[in-house]
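# Analysis of the macromolecular model
Here are the chains, one letter per residue:
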Amino acid sequence: MTTPALGIQDITFATAHHRLDLDLLAQHLGIDPAKFSVGIGQEAMSLPAEDEDVVTMGATAAARILADNDVEGLRTLIFATESGIDQSKAAGVHVAALLGLPAQIRVLETKQACYSGAGALQLALGVVARHPEEKVLVIASDVARYDLDSPGEPTQGAAAVTFLVQADPALLEVEPASGVHTADVPDFWRPNHRVTALVEGKFSISAYMDALEGAWEDYRAHGGAAFEEIDAFCYHQPFTMMAVKAHQRLRRHVGASLPKAQVVEELAPTVGYNRVVGNSYTASVFLALLALLDGDADLTGQRIGIFSYGSGAVSEFFSVRVLPGYRAHLHRAEHAAQLAAREPVDVPRYRELHPGTAVSDAEQQANPRVTAGPYRFVGIEGGVRRYEATGA
Ligand code: COA
């Protein structure tokens, strides 16, 4: 019996209602806007409205997958996030209810900073390898928040990526080889009482690049493709210039150095979404992949190398093959429409929307009706979070 290909049948993203242009933030901070647009490679950030969160974004993206695919056999939903809304209950349980999924489904949440979406993909592949008739829905959804007036502030953002993992997929085959690397490093963390992350920014950049070398070597040791057999590279992009730094480092590591300008050009097809959405933590590396897939180039048959990094730090390098006919499964128009529909805010409004540092202990909260999306975070009643479908 031949083992069927395992991989991704469909993948899409949703983002938040508001957008802050970083030129406005630079003006407010009295710094050169080129520091953001050129130095870190960011133009704008998505910001959730008061009635949005990781659940509403995740459900929005997942609803598109359910509408366009046969989901017979869907028995597992994995929700990856590092901006979770409860210390006990998986956010995916709210999503399953909003989407009307049957009770015969296992739901769990995964956490390891920005890595846990890629980790969830590997767990999902394990499920379908054992039960090829089953499907797994993975949701990677995050709101990236740093303190106001901190170095991380311009790298905030919000998005959810959802994908359906199954045997005989239509879009991407995930190749079996993968390389992993874990090191106990204090580069970024978020204690339970904080909404915003604590970060040693410069240290996190070097920890990321050390992890890349480690994961790459492990990928090669486990039968992974040689550097020159990989057609394109997608990196986790906490800010898009991070991908450039990383790829320069990998090129140097394998003896294929290129000047920075050429590396910027090489990675350009992968940065379009993250440049305008900002960091979306677990979703970020998949937004890089989506930008590449949604681009004009025909990628049929190409091998894409993917590097996921989650501070703390766990990382993985793996590769996918783009399957013939993949273009019929893309959601380019919906992605463009969503980004264009975001309502711009000025800096005073952005600062009002920023939740501050401490986690709220509100047990009653009625959220204003703002989002134009299909799901709302209605508020908190007696400590319980309430969500609803808007009919949009
Ligand atoms: N025009 C063009 N480039 C400019 C510029 C200007 N006017 N002013 C500064 N720059 C460049 C700097 O030279 C630097 O480039 P380099 O990285 O190639 O040296 C870049 O912009 C960033 O400037 P820097 O002064 O280093 O920024 P910072 O101290 O404000 O912080 C981060 C940058 C990334 C450390 C910060 O945003 C952060 O902490 N982010 C969150 C953590 C994170 O994302 N970590 C990544 C790994 S997970």
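A brief report on the enclosed structure follows. Keep in mind it's a predicted model, so treat the numbers as computed, not measured.

Conventions we followed
Residues numbered from 1 in each chain as written. Predicted model: local features only at pLDDT ≥ 70, side-chain atom pairs only at ≥ 80, totals over all residues. Heavy atoms only, no water. Phe/Tyr/Trp six-rings, centres within 6.5 Å; stacked < 30°, edge-to-face > 60°. Buried < 20%, exposed > 50% of the residue type's maximum accessible area, 1.4 Å probe, protein only. Helix = DSSP H or I, 4+ residues; strand = E, 2+ residues; numbered from the N terminus. Pairing = 2+ DSSP bridges. Contact = heavy atoms within 4.5 Å. Axes fitted to C-alpha atoms, helices over the stretch in contact; angles between N-to-C directions. Near = heavy atom within 4 Å. Polar contact = N/O pair within 3.5 Å; in protein donor to acceptor, adjacent residues only side chain to side chain. Nonpolar A, V, L, I, M, F, W, Y, C, P; charged D, E, K, R; others polar. Disulfide = S-S within 2.5 Å. Left-handed = near helix turned anticlockwise from the far one by under 90°.

## Things to note about the packing of aromatic side chains
For the structure on display, the rule yields 15 aromatic pairs. Note on Phe 227 and Phe 233: the rings are 5.1 Å apart at their centroids and 25° apart in plane angle, and the pair reads as stacked. For Phe 227, a relative accessible area of 9% gives the class buried. Here Tyr 235 and Phe 307 contribute two aromatic rings whose centre-to-centre distance is 6.3 Å and whose plane-to-plane angle is 65°, an arrangement assigned as edge-to-face. Residue Tyr 235 is located in strand 11 (residues 232–235), and its partner Phe 307 is located in strand 12 (residues 303–310); the two are separated by 72 residues in the primary sequence. Phe 307 shares its class with Tyr 235; the two are buried.

## A closer look at the sheet that holds strand 17 (residues 384–389)
The sheet built from three strands is open, its strands ordered 15-16-17 with antiparallel pairing. Sheet topology places strand 15 (365–366) and strand 17 at the edges, where each strand pairs with a single neighbour. As judged from the two bridges shared by strand 15 and strand 16 (residues 375–381), these two strands associate in the antiparallel manner. Residue pairing in the sheet places Gln 365 in a bridge with Ile 380 of strand 16. Strand contacts of helix 3 (residues 54–68): strand 16 and strand 17, with the helix running at about 150° to strand 16, the strand carrying the most contacts. Here helix 4 (residues 91–99) sits on the sheet and contacts strand 16 and strand 17; the angle it forms with strand 17, its principal contact strand, is near 30°.

## Here we look at the environment of Phe 13
For Phe 13, the position within the fold is in strand 1 (residues 6–15). Counting along the chain gives 49 residues from Phe 13 to Ala 62, while the straight-line C-alpha distance between them is 8.4 Å. Apart from the residues within four sequence positions on either side, Phe 13 is in contact with Ala 61, Arg 64, Ala 160, Val 161, Tyr 273, Leu 287, Leu 290, His 335, Gln 338 and Leu 339.

## A closer look at the pairing of strand 2 (residues 18–21)
Examined bridge by bridge, strand 2 and strand 3 (residues 44–47) share four bridges and lie antiparallel to one another. Looking across to strand 3, one finds that Asp 21 is bridged to Ala 44.

## Points about the site of the ligand
Around the ligand there are 18 residues in total, and Asp 32, Lys 35, Pro 151, Ser 204 and Lys 245 lie nearest to it. Within the side chain of Ser 204, an N or O atom sits 2.7 Å from a nitrogen atom of the ligand. The separation between an oxygen atom of the ligand and a polar side-chain atom of Lys 245 is 2.5 Å. Of all the elements in the fold, those that place two or more residues in the shell around the ligand are helix 2 (34–40) and helix 6 (201–221). Of all the elements, helix 2 adds the most residues to the shell around the ligand, at four residues. Its residues assigned to classes, the shell around the ligand comprises eight nonpolar, six polar and four charged.

## So, the state of the cysteines
One pass over the structure, following the stated rule, counts zero disulfides. Cys 234 provides the cysteine sulfur closest to Cys 114, a residue in no disulfide bond, and the two sulfurs are 16 Å apart.

## Notes on the packing of helix 7 (residues 240–253) against helix 8 (residues 260–267)
Angle between the axes and distance between the axes: these two values describe a pair of packed helices. In the contact formed by helix 7 and helix 8, the axes pass within 9 Å of each other and the chain directions differ by 115°. Read as a crossing pair, helix 7 and helix 8 show a hand that is right-handed. Judged by residue contacts, Met 241, Ala 243, Val 244, His 247, Gln 248 and Arg 251 of helix 7 engage Lys 260, Val 263, Val 264, Glu 266 and Leu 267 from helix 8. For the contact of helix 7 with helix 8, the residue count by class is six nonpolar, two polar and three charged.

Limitation: the analysis is restricted to geometry and does not speak to function.
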